[in-house]
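Observations on the model geometry
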Amino acid sequence: MALSGMRGLSVFISDIRNCQNKEQERLRVDKELGNIRTRFKSEKGLSPYEKKKYVWKMLYIYMLGYDVDFGHMEAVSLISAPKYPEKQVGYIVTSCLLNENHDFLRLAINSVRNDIIGRNETFQCLALTMVGNIGGREFSESLALDVQKLLLSSSCRPLVRKKAALCLLRLYRKNPDVVNIDGWSDRMAQLLDERDMGVLTAVMSLLVALVSNSHDQYWSCLPKCVRILERLARNHDVPQEYTYYGIPSPWLQVKTMRALQYFPTVEDPNTRRSLFEVLQRILMGTDVVKNVNKNNASHAVLFEALSLVMHLDAEKEMMSQCVALLGKFIAVREPNIRYLGLENMTRMLMVTDVQDIIKRHQAQIITSLKDPDISIRRRALDLLYAMCDITNAKDIVEELLQYLSAAEFAMREELALKAAILAEKFAPDLAWYIDVILQLIDKAGDFVSDDIWFRVVQFVTNNEDLQPYAAAKAREYLDKPALHETMVKVSSYLLGEYSHLLARRPGCSPKEIFSIMHEKLPTVSTTTLPILLSAYAKILVHSQPPDPELRDQVWAVFNKYESCIDVEIQQRAVEYFVLCRKGAALVDVLAEMPKFPERQSALIKKAEDPETDAAEQSAIKLRAQQQQPSNALVVTDQPPSNGPLPVGPLTLAKIPSISSNVETSLSDERLSHENGTFGAVDDSQSAMPSEGLIGDLLAIEGPAAAVTTEQKPVSGLESVVGGVDALALAPVSELSNSVQPIGNVAERFHALCLKDSGVLYEDPYLQIGIKAEWRTHHGRFVLFLGNKSTSSLASVKALMLPPSHLKIELSVVPDTIPPRAQVQCPLEVVNLRPSRDLAVLDFSYMFGTTLVSVKLRLPAMLNKFLQHISLSTEEFFPQWRSLSGPPLKLQEVVRGVKPLSLPEMANLFNSLHLTVSPGLDPNPNNLVASTTFYSESTGAMLCLMRIETDPADRTQLRMTVSSGDAALTFELKEFIKEQLVYIPLPAPVPSPAQPQVSSPPIDPTDPGAILAGLL
Amino acid sequence: MIHFVLLISRQGKVRLTKWYSPYSQKERTKVIRELSGVILTRGPKLCNFVEWRGQKVVYKRYASLYFCMCIDQEDNELEVLEIIHHFVEILDRYFGSVCELDLIFNFHKAYYILDELLIAGELQESSKKTVARLIAAQDSLVETAKEEASSISNIIAQATK
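Worth saying up front: this structure is predicted, and the values here are computed from it rather than measured.

A look at the overall build of chain B
- Of the regular secondary structure elements, chain B holds 5 helices and 7 strands.
- Counted from the first residue to the last, chain B has its helices and strands arranged as β-β-α-β-β-β-α-α-α-β-β-α.
- Expressed as a percentage of the 161 residues in chain B, the buried residues total 61%.
- Pairs at least 24 residues apart make up 47% of the contacts formed inside chain B by residues separated by at least 6 positions.
- In the form shown here, chain B has an accessible surface area of approximately 6,200 Å², with 56% of it arising from carbon and sulfur atoms.

Section: the overall build of chain A
- Along its length, chain A carries 43 helices and 17 strands.
- In chain A, buried positions account for 59% of the 1015 residues.
- Carbon and sulfur atoms form 54% of the exposed surface of chain A, whose accessible area is close to 40,300 Å².

Things to note about the interface of chain A and chain B
- The interface is formed by 80 residues belonging to chain A together with 68 residues belonging to chain B.
- Taken as a group, A:Met63, A:Glu241 and A:Trp251 account for 11% of the area that chain A buries against chain B, more than any other trio of residues on that side.
- The salt bridge partner of B:Glu79 is A:Lys255, with a shortest N-O separation of 3.8 Å.
- Put simply, chain A and chain B have 39 residue pairs in polar contact (both at pLDDT 80 or more) between them.
- Per element, the largest residue contribution to the side of chain A that touches chain B is 9 residues, and it comes from helix 9 (residues 158-174) of chain A.
- The residue makeup of the side of chain A that touches chain B, split by class, is 40 nonpolar, 21 polar and 19 charged.

Some words on the environment of A:Leu883
Residue and element names in this part refer to chain A.
- Tracing the sequence through the fold places Leu883 in the loop between helix 40 (873-882) and strand 12 (889-895).
- Owing to a relative accessible area of 12%, Leu883 belongs among the buried residues under this scheme.
- Excluding anything up to four places from it in sequence, Leu883 contacts Leu888, Lys889, Ser962, Ser963 and Gly964.

Describing the environment of A:Leu810
All names here are of chain A.
- With respect to the helices and strands, the residue Leu810 is situated in strand 7 (residues 806-810).
- Each C-alpha atom of the pair Leu810 and Pro826 lies 6.4 Å from the other, and the pair is 16 residues apart in sequence.
- Ignoring anything within four residues of it in the chain, the contact list for Leu810 reads Leu783, Ala798, Met800, Cys825, Pro826, Leu827 and Leu841.

Details of the pairing of strand 3 (residues 757-762) of chain A
Residue and element names in this part refer to chain A.
- Sheet topology note: the strand 3/strand 4 (residues 766-775) ladder contains 5 bridges and is antiparallel. Its bridge partner being in strand 4, Ser757 is matched across the sheet by Lys771.
- What sits between strand 3 and strand 4 in their antiparallel hairpin is a turn of 3 residues.

Looking at the sheet that holds strand 4 of chain A
Residues and elements named next belong to chain A.
- With antiparallel pairing, the 5 strands of this open sheet are ordered in space as 3-4-5-8-7. Two strands bound the open sheet, and with one partner strand each, they are strand 3 and strand 7. Across this sheet, the average inter-strand angle for adjacent strands is 25°, counted without regard to direction.
- The pairing of strand 5 (residues 778-787) with strand 8 (residues 822-831) spans 9 bridges and is antiparallel.

Looking at unusual backbone geometry
- With a phi angle near 50°, A:Ser795 is a residue other than glycine that sits in the positive phi range.
- Within the secondary structure, A:Ser795 sits in strand 6 (residues 794-801).
- Assessed through its relative accessible area of 6%, A:Ser795 is described here as buried.
- With a phi angle near 50°, B:Arg53 is a residue other than glycine that sits in the positive phi range.
- With respect to the helices and strands, the residue B:Arg53 is situated in the loop between strand 3 (49-52) and strand 4 (55-62).

Focus: the packing of helix 9 of chain A against helix 41 (residues 902-911) of chain A
Residue and element names in this part refer to chain A.
- Relative to each other, helix 9 and helix 41 sit at 65°, their axes nearing to 8 Å. Packed against helix 9, whose contacting residues are Tyr172, Arg173 and Lys174, the element helix 41 presents Pro903, Asn907 and Asn910 at the interface.
- Among the residues forming the contact of helix 9 with helix 41, the class breakdown is 2 nonpolar, 2 polar and 2 charged.

Some details on the sheet that holds strand 5 (residues 65-72) of chain B
Residues and elements named next belong to chain B.
- Here 5 strands make up an open sheet; going across it, the order is 2-1-5-4-3 and the pairing antiparallel. Pairing within the sheet leaves two strands with one partner each, and these edge strands are strand 2 (14-19) and strand 3. Direction aside, neighbouring strands of the sheet carry axes that sit 20° apart on average.

Some remarks on the side chain of A:Asp842
- With respect to the secondary-structure elements, A:Asp842 resides in strand 9 (residues 839-847).
- There is no salt bridge for the buried A:Asp842, and the closest opposite charge comes from A:Lys855, which lies 4.2 Å off by N-O distance.

Comments concerning the state of the cysteines
All names here are of chain A.
- All chains considered together, the criterion is met by 0 disulfides over all chains.
- Of all cysteine sulfurs in the structure, the one in Cys125 sits closest to Cys156, which takes part in no disulfide; the separation is 9.0 Å.
- Judged by relative accessible area, which is 16%, Cys156 ranks as buried.

Some remarks on the pattern of salt bridges
Residues and elements named next belong to chain A.
- Across all of its chains, the model carries 65 salt bridges over all chains by this definition.
- As a salt-bridge pair, Arg836 and Glu971 come within 2.9 Å of each other at their nearest N and O atoms. In this pair, Arg836 sits in the loop between strand 8 and strand 9 while Glu971 sits in helix 42 (residues 966-981), placing the two residues 135 residues apart along the sequence.
- Residue classification places Arg836 among the buried residues on the basis of a relative accessible area of 6%.
- A relative accessible area of 2% means that Glu971 is categorised as buried.
- Note that Arg946 and Asp921 form a salt bridge whose closest N and O atoms lie 3.2 Å from each other.

Some points on the confidence of the model for chain A
Residue and element names in this part refer to chain A.
- In the predicted model, chain A carries a mean pLDDT of 78, and the fraction of residues at 70 or more is 82%.
- Looking across chain A, the model is least confident in helix 34 (residues 632-635), with a mean pLDDT of 33, and most confident in helix 13 (residues 250-260), with 95.
- The model gives residues 610-737 a pLDDT under 50, and that stretch makes 250 contacts with residues more than four places away or in other chains.
- Taken together, the stretch residues 984-1015 has pLDDT below 50 and engages in 55 contacts with residues farther than four places along the chain or on a different chain.

Things to note about the packing of aromatic side chains
All names here are of chain A.
- Under the counting rule described, the total for this entry stands at 30 aromatic pairs over all chains.
- On the numbers, 6.3 Å between centres and 85° between planes, the contact of Phe40 with Tyr54 is edge-to-face. Here Phe40, found in helix 2 (residues 22-41), pairs with Tyr54, found in helix 3 (residues 48-64); they are 14 residues apart in sequence, far enough to count as distant.
- Taking relative accessible area as the criterion, Phe40 reaches 13% and is therefore assigned buried.
- Residue classification places Tyr54 among the buried positions, given a relative accessible area of 3%.

Structural notes on helix 7 (residues 121-134) of chain A
- The end-to-end C-alpha distance of helix 7 of chain A, which contains 14 residues, comes to 20 Å, matching closely the 20 Å that a straight helix rising 1.5 Å per residue would cover.
- Turning to helix 7 of chain A, its buried residues are A:Phe123, A:Gln124, A:Cys125, A:Leu126, A:Ala127, A:Leu128, A:Thr129, A:Met130, A:Val131, A:Gly132, A:Asn133 and A:Ile134.

Each value, and the rule that gives it
- Residues numbered from 1 in each chain as written.
- Chains lettered and ligands numbered in written order.
- Predicted model: local features only at pLDDT ≥ 70, side-chain atom pairs only at ≥ 80, totals over all residues.
- Heavy atoms only, no water.
- Helix = DSSP H or I, 4+ residues; strand = E, 2+ residues; numbered from the N terminus.
- Buried < 20%, exposed > 50% of the residue type's maximum accessible area, 1.4 Å probe, protein only.
- Contact = heavy atoms within 4.5 Å.
- Areas by Shrake-Rupley, 256 points an atom, 1.4 Å probe, with all protein chains shown as cover.
- Buried area = accessible area lost by both parts, 1.4 Å probe.
- Salt bridge = Lys/Arg side-chain N within 4 Å of Asp/Glu carboxyl O.
- Polar contact = N/O pair within 3.5 Å; in protein donor to acceptor, adjacent residues only side chain to side chain.
- Nonpolar A, V, L, I, M, F, W, Y, C, P; charged D, E, K, R; others polar.
- Pairing = 2+ DSSP bridges.
- Axes fitted to C-alpha atoms, helices over the stretch in contact; angles between N-to-C directions.
- Lys, Arg positive; Asp, Glu negative; His and termini not counted.
- Disulfide = S-S within 2.5 Å.
- pLDDT = per-residue confidence, 0-100.
- Phe/Tyr/Trp six-rings, centres within 6.5 Å; stacked < 30°, edge-to-face > 60°.
- Expected span 1.5 Å × (residues − 1).

Put into structure tokens, the structure is as follows:
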């Protein structure tokens, strides 16, 4: 049994196993910890064997869940031991006990580096493994180059290189700059030719991480990925040991297809054809087999192929083939496949237009809502929610209601909220909406938040047609013996307002209504009582002719509560009592409530609010935004003569759209701001009983309002940066297509925003490269103007159009560039104050008789004047607190964010020179970052920011930015926002930023014309 | 990527933990407690995926042990499920029909093997043969070092007699 080879360790483990209870175990552990502590402290050095043994024991104790707050040093020190056995233990235990933020790790960097650059292969492996598993930013700064060397080295064996590839992946996640070196993309492409499958698998993981961040440098890898996929899935060309249950490395297949999904499209027709051939083969050739593992592996590949097909937006035929497959999957017995079928159907709905085909499977999906497995039920719920529209809303919502009574606690709130939202969004008529919500309250009152019933009241108040119906319904529910308190609230409110509309129906005389309501009074809490009192007063007013008996009863109630300890109740009782004696005045005061102003649904707002409690952490929020806007409720059954329209627009989430012209995107931006502040406008709506609550709900919008006032007119240039890219700069007019830029100018610009050297522009004759250095508020560019052609480029002109906040000096640009020559032009930049405006380089030259002129944005962005600064908790929070409120601290909820996982977002931030401090914010879904901004006016200014993300919906987040300068705070906030919502253009870009080319017919004899041509 | 790997026994005892994303000690304990509660209570014929805190946990039970791996929402679940099985097959080959006790008394071996299988939360090697070969090589390195040490101490012992 004791295979461990360390007797002491085995004995200890046996002892622990023999403990009868937790208490004994604790005693044994404490004893051992004491022992280890004294051994570590003793003057007498420990033998390597002993050290190893104790360190293992520590790890074992740690694994059992006990705090081990000492001895980390001993574990770390074993790393530098000369012999393999100790070193091995040192590395493994360190990587288990510590995480990347631990201080001791820093002490080990040197030893680790020595092992990596040393000649001993086994040591290299140990070091790479540990760095790959827990290496942090500092490791990435000091080791990345060495790791790269190992990966590329032809003399290293595969076992080292595959570890180096994954280690580099880790370092890249910690700091994307590690691969920001020239030619890295070429190397990646070369690495994909690797024959060793272990290395290839690791390299593919690395590629997935790289392209998930930005694919544009890696186009050359795309055909190689397709070839690998062909090799595996079509030719089955892999060594036997790399097949898994007869399938050629399913993992590599999955990863390869994942990498392909990060490219917007496959343009080369041959590559595309080969890819689709393989995909078709996978889609058609995957059968269900008995062996579980084979089945899983082949379906892992199949599902990845499905996502790739969806991503590539294949022909209609292939899409319907996919839906057919998914339809099959959601009906199979194997729960994993059923789960994934549902999940992928939901994904499919988001990317393509297959709603109608999916609707055919509605019955089957509804069956899954009753599955014994909660994971599957959640998927089914999400899918139903996503596929719901006006045609099937009735069926789906009724299913949800039915399921509500059976659903377990964990799902009820989500279910109730979803049902309420769908009912509101897609109601075919308002009566049905009222039915649904009342049923919802009846069945799951505990899970129906106040907003839901407030919403009912708003609708009924604003729709006269609905009032009698709603009152009658409320009256019906009051007959039920046990009522949820929310039901008491909503029905007494409705009856108070509208019961007089029912007066002639049986059981609906004011007196009867009062007495049935009054029956509920003893059971309700102090929040409901005021509503009841108001309802009584209203019923009394509406009773025609006055009923003295009723009047006495109601007065008695008021009387009773005149001395109530609750101020709200007491006040109402006293006031109503006095008012009742005023006669005519009472009728005015207690008249029907006026219509509510248009207002966004608090419900949907709640579903969007990233702060909502964790109870409904699912796709709900995303969906709330993505669902196509339906204004069913607003239009249904409303004859136009019916006065003001009912409550508000239902579509709220404004996803910053990529529009093709500046005006639209600008107005969109304003619009979304207005939307944000909607609710805050008018809430002084008199004595609505729950006003306070509504007020609170709306108050969330406060900060957004502050932002709006800050909003200043932005120039076209800035606002485009987010989405529209470069279109504004080069009016696409009067051009012949003779000189086209090579590559996407906008993408090149974006790449340069994150790094300091690269190609800014390229066409068949000229390449402009830049290299930049930044120090505080000064920057220095060197423009490399390279003539690619074999004849001279003439009339070269470069003109800087600096924005007002930048002082730019461009050195003299030579008039001609000789063939195949490169010219360097230094350019100095001084940043005067914070601004997101961009400098534009107006560049032109003559090639033969062709004039090429192009306007290029210069990547002297705001982030270039930022410098990393990392703060500790003690430094960060006092600063954070000292800057409070606008204009120094601004907060905004940003929607339509490019979905990034937290590490990806942290990477993005770090590459923008915003230093992310992991662990500073106790909430793991938040990012906290700091940076120093430099400009002449502000000097060095510390900026702090916090991003609160929502794990369930990566497309939205809340951002808070603060600094000591109001303009800086605003500019930085907008800048980060632009980076986050920047959506790369789909690849077949209709050639943005085309250079203006014109070939004026020059008469060689007319010197004036020649001169004009040159100018 | 795989954020962490957990091996939990049916009684809720932790047999192995490996964290590829930074979690503090406190968070680690909390994660283990929460997940044991969710996973150990699930019935036998349900699917192998649990949605948890905006992420997914893929798990599979082998005899008395639950193997769990936490991944991102958009990752391929079945692929990870088979990584688990791949790991189990390698353990099985190394220990010769592995059982929980093997992993209790040789937990360090399980860590060595896992390190040959995953790095940075990504699959490193999909060939069982290669992993077995590398682990054997490691074992023999340790063995050789031990022999050397004992022969040196013999020499010293004899010399100082």
